[in-house]
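# Descriptive structure summary
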Amino acid sequence: MLSAILHPKSVAVVGASRDPHSVGYGVLKNLLAGGIKFTKYCAPFSGKVFAVNPHTTMIHTIRCYPSLLAIPYPIDMAIICVPARIVPQIIDECVAKKIGVAVIISAGFSERDAAGASLQKEILIRAGKKVRIIGPNCLGVISTNINLNASFAPSLPPRGDIAFISQSGAIADSIIDWALLNEFGFSTIISYGNQADLGVEDFLSLLEHDRHTKVITLYIEGLTNGKQFMQVAQRVNKKKPIIVLKAGKTSSGTRAVQSHTASLAGDYAVYRAAFAQCGLTVAETVEDLFDIAKVFSKQPLLKKNAVAIVTNGGGGGVLMADYCEELGLDVVALKQSTIAKLDASGVMHPAYSRNNPLDIVGDALPKRYDVAINTLLAESYIHGMMVIQTLQTMTDPWGDAEVVINAHKRFPTKPIICCYLGGKFSEKRIRELEQQGIPDFNELKKAAICMKALWDRQCWLRKR
Amino acid sequence: MLSFRQTRTLLSSVHIPLCKSWHITTKKGLQKIKSFPVVAKIDADIMHKTDVGCVCTHLTNAPELSQAYTKILHNAKQQTKNIYGVIVQPEITGYELIIGIKKDATFGHVILAGLGGIYAEVFKDTALRIMPILRTTAQEMIVSLKSNIVFSGYRGKKPLHMKEIISLMIKLNSLIKKYPEITELDFNPVIVNEKSATIVDARIIVS
């Protein structure tokens with residue numbers, strides 16, 4: 001029944017509207033066209049769409065029904081946008097119509113006041129677990145592989161294998177717009193609002209077996225059942241990496257602290273301990289969350305803590321080495337035999353660094369990158385690599401990109417992360433790198449953070 | 001907060017030994033104490049005993065002990081009416097660790113271990129896990145501390161008796177299983193040297 005969340009075949013919008021400023025208008029358009037603001041990722045929902053509004057007979061070119069029960073077709077998912085006080089009777093209709101899932105976008109429940117909280121209890125009672133509820137007070141659900149935009153986000157994001165489960169609708173919304181700009185792909189986005197019924201644990205279980213999802217990202221403000229979450233998260237994390245961003249929320253309980261332990265074990269510290277115990281990767285910022293997700297999606301884990309840095313600019317190499325050391329990544333010294341191989345190639349600059357970071361000097365052309373990268377990756381004592389490119393007059397971003405792409409194919413078990421520093425003249429090649437599965441960052445520290453995440457996860461999986 | 005006697009009873013039910021202690025309620029009771037040096041502290045509902053003159057260390061003979069006893073009781077009376085007595089313990093030297101429990105609203109009981117003593121909250125060198133924990137988890141927690149370099153034997157010193165610390169941590173699993181109503185617990189300090197680990201001060205709060 002819960003699979004209807006990711007793969008419904010028919011949906012009905014209750015509270016569909018002709019008013020272009022209303023949620024009901026936007027949600028219906030999103031299902032019919034993929035988005036309000038047209039982008040190349042917009043396409044109509046692959047299943048059937050129905051509209052429900054007793055006050056009108058036609059919206060957006062489709063027929064409008066007076067109620068869910070009037071629709072002569074089975075419905076897998078209802079998307080509810082009517083005012084809060086009307087929602088209980090809609091839930092009754094969902095039960096009668098045997099609709100498995102209701103996504104309640106409407107606000108005005110437990111987040112508002114005590115009256116709202118009772119209303120929320122009321123809909124749960126009426127749903128009686130026959131209709132499972134997402135929300136209320138949520139952005140909605142998006143599943144890119146079937147063009148399901150059952151939300152009031154302005155567009156479908158690009159397709160990809162990363163899922164995002166968010167406690168905040170506003171964050172989910174902004175991420176979609178960012179994803180459109182950066183061509184970052186998602187499989188599913190769920191904004192779960194008040195968590196009246198289905199919560200984070202349920203969505204994690206759902207995504208555990210979803211073949212479109214390879215990596216799971218979470219934005220959490222607070223959990224209702226910590227132990228339950230840990231049990232599910234640990235199980236799912238073994239199969240698919242889960243990355244979590246936790247917003248610190250001041251606890252509502254203000255019991256006076258009577259022990260050193262209570263004063264040392266603050267809310268956020270406890271959450272971090274719980275996440276660490278489950279082996280979850282913890283992100284510090286929204287950017288980190290999706291940077292790490294991108295790398296987990298495209299690159300293998302780091303099998304041993306031994307990385308090499310190849311750069312055509314000394315400064316970049318030093319900074320990268322600094323970040324690696326700070327994070328506990330081992331920038332291994334090059335063996336004499338490796339240096340001998342590099343010397344023997346005949347393409348290295350006489351002043352090249354002869355060490356790790358391997359500075360192949362500013363005038364490096366693709367041939368030199370080719371020798372440096374492949375010689376180092378071929379060594380059994382080097383297990384991962386960061387490749388830095390800075391732009392000089394003779395630098396060939398296209399050739400360099402080809403070298404990296406081919407090296408990745410040749411050494412598929414060793415992670416490679418690129419830093420094509422700059423912007424304007426490297427933009428096109430960066431897109432090519434990304435499309436071919438090589439993550440690229442314009443900030444050196446991000447590459448180090450992501451490589452560390454690849455190592456930490458490997459360590460945790462080995463301990464299981 | 002439980003009294004010293006209640007605390008001792010509760011802990012002994014899961015085989016957690018406290019430092020050998022005499023619980024003194026009259027001046028005459030001090031006569032039992034024959035070996036020195038000792039430490040004397042108040043048994044009362046006071047969180048920071050050292051700060052309010054309710055702990056006296058390095059008492060080397062009976063007269064010093066007697067003087068300390070009087071002083072401690074006097075200082076304690078300024079803080080609270082709930083005074084249960086004075087605890088006298090042999091003075092042990094070593095590093096001060098903290099082991100503690102807190103009942104968290106979201107995750108249940110959590111266990112903490114780290115650098116202890118009165119500066120615990122200044123240096124904040126601690127590790128935290130959700131309970132119950134495995135032996136390997138307890139070991140990971142200790143290794144993760146900055147202070148572990150010192151515990152393992154620094155600059156020629158012998159390593160500390162951390163095996164006992166790990167044991168104590170595991171026993172706490174049983175304690176909260178038996179008494180889930182415990183909301184806070186502090187073993188601070190646990191004094192650890194090469195030979196032993198001793199809980200010198202224990203505070204337990206139940207709901």
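Residues numbered from 1 in each chain as written. Chains lettered and ligands numbered in written order. Predicted model: local features only at pLDDT ≥ 70, side-chain atom pairs only at ≥ 80, totals over all residues. Heavy atoms only, no water.

A separate point is the overall build of chain B. The secondary structure content of chain B amounts to six helices and ten strands. For chain B, whose C-alpha radius of gyration is 17 Å, the value lies close to the compact-globule estimate of 17 Å for 207 residues. Oriented by its inertia axes, the alpha-carbon framework of chain B measures out at about 50 × 45 × 30 Å. Relative to its 207 residues, chain B shows a buried fraction of 51%. Contacts in chain B between residues far apart in sequence, at least 24 positions, make up 59% of those at least 6 positions apart. Of the roughly 10300 Å² that chain B leaves accessible, carbon and sulfur atoms contribute 54%. The positive charge centre, built from 27 side chains, and the negative charge centre, built from 16, are 6 Å apart in chain B. (Helix = DSSP H or I, 4+ residues; strand = E, 2+ residues; numbered from the N terminus. Rg over C-alpha atoms; globule rule 2.2 N^0.38 Å. Buried < 20%, exposed > 50% of the residue type's maximum accessible area, 1.4 Å probe, protein only. Contact = heavy atoms within 4.5 Å. Areas by Shrake-Rupley, 256 points an atom, 1.4 Å probe, with all protein chains shown as cover. Lys, Arg positive; Asp, Glu negative; His and termini not counted. Charge placed at Lys NZ, Arg CZ, Asp CG, Glu CD.)

Moving on: the packing of helix 6 (residues 226–239) of chain A against helix 8 (residues 267–278) of chain A. Residue and element names in this part refer to chain A. It is at 8 Å that the axes of helix 6 and helix 8 come closest, and there the two elements cross at 40°. Once helix 6 is placed against helix 8, the crossing between them reads as right-handed. Facing Phe229, Met230, Gln234 and Asn237 of helix 6, the residues of helix 8 in contact are Ala274, Phe275, Gln277 and Cys278. Classifying every residue of the contact of helix 6 with helix 8 by side-chain character gives five nonpolar, three polar and no charged. (Axes fitted to C-alpha atoms, helices over the stretch in contact; angles between N-to-C directions. Left-handed = near helix turned anticlockwise from the far one by under 90°. Nonpolar A, V, L, I, M, F, W, Y, C, P; charged D, E, K, R; others polar.)

The next point concerns the interface of chain B and chain A. Contacts between the two partners involve 30 residues from chain B, matched on the other side by 25 residues from chain A. Buried surface at the junction of chain B and chain A, both sides included, amounts to about 2300 Å², of which 59% is carbon and sulfur. Counting every contact that joins chain B to chain A gives one salt bridge. As a salt-bridge pair, B:Glu140 and A:Lys463 come within 3.5 Å of each other at their nearest N and O atoms. Viewed at the interface, chain A and chain B are joined by twelve residue pairs in polar contact (both at pLDDT 80 or more). Listed by contribution, the elements that provide at least two residues to the side of chain B that touches chain A are strand 5 (95–104), strand 6 (108–115), helix 3 (120–123), strand 7 (126–130), strand 8 (182–192) and strand 10 (202–206) of chain B. Grouping the amino acids of the side of chain B that touches chain A by side-chain chemistry returns 13 nonpolar, eight polar and nine charged. (Buried area = accessible area lost by both parts, 1.4 Å probe. Salt bridge = Lys/Arg side-chain N within 4 Å of Asp/Glu carboxyl O. Polar contact = N/O pair within 3.5 Å; in protein donor to acceptor, adjacent residues only side chain to side chain.)

With that out of the way, let us pick up the nonpolar core. Residue and element names in this part refer to chain A. Counting 64 residues, the largest nonpolar core has Leu31, Ile79, Ile134, Leu204, Leu218 and Phe229 as the members making the most contacts within it. The contact partners of Ile134, leaving out residues within four places of it in the chain, are Ile5, Val101, Ala102, Val103, Ile104, Val141, Ile190, Ser191, Tyr192, Leu198 and Phe203. Among the nonpolar cores identified, the runner-up in size contains 49 residues, and Val215, Ala321, Leu444 and Met451 belong to it. (Core = buried A, V, L, I, M, F, W, Y, C linked by side-chain atoms within 4.5 Å.)

Below, the discussion takes up the pairing of strand 17 (residues 384–389) of chain A. Residues and elements named next belong to chain A. Across the six residues of strand 17, six count as buried, placing the element largely inside the fold. Pairing of strand 15 (residues 307–311) with strand 17, which is carried by five bridges, proceeds in the parallel orientation. Opposite Ala308, over in strand 17, you have Met385 as the bridge partner. Taken together, the five bridges between strand 17 and strand 18 (residues 416–420) define a ladder with parallel strand orientation. In the sheet register, Gln389 faces strand 18, and the bridge partner there is Tyr420. On the question of chirality, the crossover connecting strand 17 to the parallel strand 18 by way of helix 13 (residues 397–410) is right-handed. (Pairing = 2+ DSSP bridges. Right-handed = clockwise from strand over helix to strand, strands pointing away.)

Now for empty space enclosed by the protein. Over the atoms rolls a probe the size of a water molecule, and in doing so it shows where empty space is left. Residues and elements named next belong to chain B. According to the stated counting rule, one finds one cavity of 30 Å³ or more in the structure shown. Together, 18 residues line the largest cavity, and Phe4, Lys49, Ile87, Asp201 and Ala202 are the ones closest to its centre. Those elements that place two or more of their residues in the lining of the largest cavity are helix 1 (4–12), strand 2 (38–44), strand 4 (83–90) and strand 10. Take the lining of the largest cavity: its biggest share by element is four residues, from strand 2. Considered class by class, the residues forming the lining of the largest cavity number ten nonpolar, three polar and five charged. (1 Å grid on protein atoms, 1.4 Å probe; cavity = no way out; pocket = protein on both sides within 12 Å on 5 of 7 lines; lining within 4 Å. Points joined across faces, edges and corners; volume = space filled by probe spheres on them.)

Once that is clear, we can look at the sheet that holds strand 2 of chain B. Residues and elements named next belong to chain B. Strand order in the open sheet formed by four strands is 1-4-2-3, with antiparallel pairing between adjacent strands. If you trace the sheet from one side to the other, it starts and ends with strand 1 (22–24) and strand 3 (55–59), each paired once. Along the sheet, successive strands turn relative to each other by an average axial angle of 25°, direction set aside. Inspection of the sheet shows strand 1 paired to strand 4 by three bridges, in the antiparallel sense. Looking across to strand 4, one finds that His23 is bridged to Ile87.

A word on the packing of aromatic side chains. Aromatic ring pairs: the centre-centre distance and the angle between the two ring planes describe each pair. Taken as a whole and judged by the stated rule, the model has 14 aromatic pairs over all chains. Seen from their ring centres, B:Tyr119 and B:Phe123 are 6.4 Å apart, and the 75° between their planes marks the pair as edge-to-face. Taken as a pair, B:Tyr119 and B:Phe123 share a single burial class, namely exposed. These aromatic residues form a ring-pair network of at least three members: A:Phe164, A:Trp178, A:Phe184, A:Phe186 and A:Phe290. Positioned over the ring face of A:Tyr271 is A:Lys246, at 4.2 Å from the centre of the ring. Directly above the aromatic system of A:Phe425 lies the positively charged group of A:Lys424, at a separation of 5.9 Å from the ring centroid. (Phe/Tyr/Trp six-rings, centres within 6.5 Å; stacked < 30°, edge-to-face > 60°. Lys NZ or Arg CZ within 6 Å of the ring centre and 35° of its normal.)

Next up on the list: the sheet that holds strand 4 (residues 62–65) of chain A. Residue and element names in this part refer to chain A. One open sheet accounts for seven strands, arranged 3-4-2-1-5-6-7; its pairing is mixed. In this open sheet, the two strands that pair with only one neighbour each are strand 3 (58–59) and strand 7 (132–134). Inspection of the sheet shows strand 6 (residues 101–104) paired to strand 7 by three bridges, in the parallel sense. Paired with Val103 across the strands is Ile134, a residue of strand 7.

Our next topic: the confidence of the model for chain B. Looking at chain B as a whole, the pLDDT averages 92, with 100% of positions reaching at least 70. Overall fold confidence for the complex sits at a pTM of 0.91, while the interface term, ipTM, reaches 0.87. (pLDDT = per-residue confidence, 0-100.)

The next thing to look at is the layout of surface pockets. A volume near 1400 Å³ is recorded for the largest pocket. Around the largest pocket, the lining is made up of 43 residues, and of these A:Arg272, A:Ala276, A:Gln277, A:Gly279 and A:Leu280 lie nearest the centre. Among the secondary structure elements, those contributing two or more residues to the lining of the largest pocket are helix 6, helix 8, strand 14 (281–282), helix 9 (286–298) and helix 15 (444–463) of chain A together with strand 7 and helix 4 (135–144) of chain B. Taken together, the residues of the lining of the largest pocket sort by class into 20 nonpolar, nine polar and 14 charged. Looking at the second largest pocket, its volume works out to about 920 Å³. If you trace the second largest pocket, you find 28 residues lining it, with A:Asn182, A:Lys294, A:Ile430, A:Glu434 and A:Asp440 closest to the centre. Listing elements by their share of the lining of the second largest pocket, those giving two or more residues are strand 10 (159–166), helix 4 (169–182), helix 9 and helix 14 (427–435) of chain A.

The next subject is the side chain of A:Glu379. Residues and elements named next belong to chain A. Mapped onto the elements of the fold, Glu379 is located in the loop between helix 12 (366–378) and strand 17. Owing to a relative accessible area of 9%, Glu379 belongs among the buried residues under this scheme. One polar contact links Glu379 to Lys341, side chain to side chain, over a distance of 3.2 Å. Setting aside residues no more than four positions away along its own chain, Glu379 makes contact with Thr338, Lys341 and Lys414.

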